[in-house]
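Chain by chain, the residues:
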Amino acid sequence: MQNFPHQLDDLDRKIIAATQDGLPLVPEPFEVVAQQVDAPTEEVRSRLRWMLDQGIIRRIGVVPNHYALGLNANGMSVWDVRDDVMGKLGKRVGELAFVSHCYSRPRHLPDWPYNLFAMVHGRKRAEVEEKVAVIARMLGEASARHDILYSTRILKKTGLRIAA
Amino acid sequence: MKDISLDSTDRWIINSLQGCFGLGERPYRDAAEQFGLSETDLIARLERLIDCRALSRFGPMYNAEKLGGAVTLCAMAVPEERFDEVTEMVNAHREVAHNYARSHKLNMWFVLACENPDGIAATIAEIEAETDLQVYDFPKQQEFFIGLKVEA
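These numbers were taken from a predicted model, which means no experiment stands behind them.

Asks: I'm lost on the overall build of chain B in this one. Help?
Replies: A tally of regular secondary structure across chain B gives five helices and six strands. When the helices and strands of chain B are listed from N to C terminus, the series reads α-α-α-β-β-α-β-β-α-β-β. Taken over the C-alpha trace, chain B has a radius of gyration of 20 Å; the compact-globule value for 152 residues is 15 Å, which it surpasses by more than 25%. Projecting the C-alpha coordinates of chain B onto the three principal axes gives extents of approximately 60 × 35 × 25 Å. With 152 residues in all, chain B has 34% of them scored as buried. Look at the contacts in chain B between residues 6 or more apart in sequence, and 56% of them connect residues 24 or more apart.

Here it is, written out as structure tokens:
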């Protein structure tokens, strides 16, 4: 999958800077953003539409806070999936309700045989393990082995930051 | 931390409003319809969900790579006695966005976000030189989904 950098102009960057922490919770949020970036509301909405179409914005909506929602056990499940079925099975794993991120990544043999990463959230480790068992059944023989890496400490966490 | 008590409508909102928020003039009014809520009610619920930290925020989620940047996941096997020292060295790089200790021989996992792909290789080389440890690079090849449903 290729990622092409998109040419963003000053107004795009201002819109991103004004909205990356969230949209105003008022009846006409784009009107407020437009005032902040000093552009017509129509222009702001069409730029946001364009960024959505280009995938620059993944989505617009709620961003749940897993930890505050009581999902304290965060397990990175990793799988050694047969390459020829990765596309099909990765998509099915990604569609599971309890999987928040799902990517294929390279193996580093012999130390690291896993090529599918699926982040699983649960209230307790036992719950994460039950969910991982669901993935194991789904993948069946296509996955030779798997492991779960629990996060034991957050060492650093900063969000995406773009300057205006 | 404030107490989080979610009713079924809150959960419905959290699960159903992860994408597809409109870009109309009155997007909250448009979105409120599916929940049988008024515009004012939906805004008040979102305010409360953010206030009690059930939500980190409400709005667009930007894709760093599409902004011209490059992102990758890295891991290191750090000897336990050097863990704090190496954490400090790694975190000192502004390119390190998230860093987690994890239960595995590869016990430190961090995300690098750089302005361009060359920055990734350069940062990895710097961290390897500073720590004298190998950095395993796990760039994503395919992305299958990003989202999470909260069980009702």
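So that's the structure; there's more coming.
Asks: I keep staring at the interface of chain A and chain B and nothing clicks. Help me out?
Replies: Interface extent is often summarised as the accessible area lost during association of the parts. Between chain A and chain B, the contact holds 64 residues from the first and 61 residues from the second. Going through the elements one at a time, α1 (10–19), α3 (41–54), β1 (57–64), α4 (86–94), β3 (99–104) and β5 (143–157) of chain A are the ones with two or more residues in the side of chain A that touches chain B. Ranked by the residues each element gives to the side of chain A that touches chain B, the list is headed by β5(A), at nine residues. Its residues assigned to classes, the side of chain A that touches chain B shows 31 nonpolar, 21 polar and 12 charged.

Asks: Any chance you could explain the confidence of the model for chain A here in plain terms?
Replies: Detailed reading of the predicted model is not advised wherever pLDDT is low. Overall, the predicted model of chain A reaches an average pLDDT of 89, with 92% of residues at or above 70. Element-level mean pLDDT values for chain A span from 89 in β1(A) up to 98 in helix α2 (residues 29–37) of chain A.

Asks: What exactly am I supposed to notice about α4(A) here?
Replies: The periodicity of an α-helix, 3.6 residues per turn, causes residues three or four positions apart to be oriented the same way. Residues and elements named next belong to chain A. Regarding α4, the residues found buried are L89, G90, V93 and G94. Axial view of α4: buried residues confined to an arc of 140 degrees, hence all on one face. Set apart from the buried face of α4 by more than 90 degrees, the exposed residues are G87 and K88.

Asks: How should I be thinking about the pairing of strand β2 (residues 73–81) of chain A in this particular structure?
Replies: If a strand is regular, its side chains alternate between the two faces of the sheet. Residue and element names in this part refer to chain A. Summarising burial for β2: eight of the nine residues are buried, a large majority. When β2 meets strand β4 (residues 116–122), the two strands line up antiparallel, connected through seven bridges. Residue pairing for β4: M76 is matched across the bridge by M119. Pairing of β2 with β5 involves six bridges; the strand directions are antiparallel. Looking at the pairing, V78 lines up with D147 of β5.

Conventions and cut-offs
Residues numbered from 1 in each chain as written. Chains lettered and ligands numbered in written order. Predicted model: local features only at pLDDT ≥ 70, side-chain atom pairs only at ≥ 80, totals over all residues. Helix = DSSP H or I, 4+ residues; strand = E, 2+ residues; numbered from the N terminus. Rg over C-alpha atoms; globule rule 2.2 N^0.38 Å. Buried ≥ 20, exposed ≤ 12 C-beta atoms within 10 Å, placed from the backbone. Contact = placed C-beta atoms within 7 Å. Nonpolar A, V, L, I, M, F, W, Y, C, P; charged D, E, K, R; others polar. pLDDT = per-residue confidence, 0-100. Arc of directions from axis to C-beta. Pairing = 2+ DSSP bridges.

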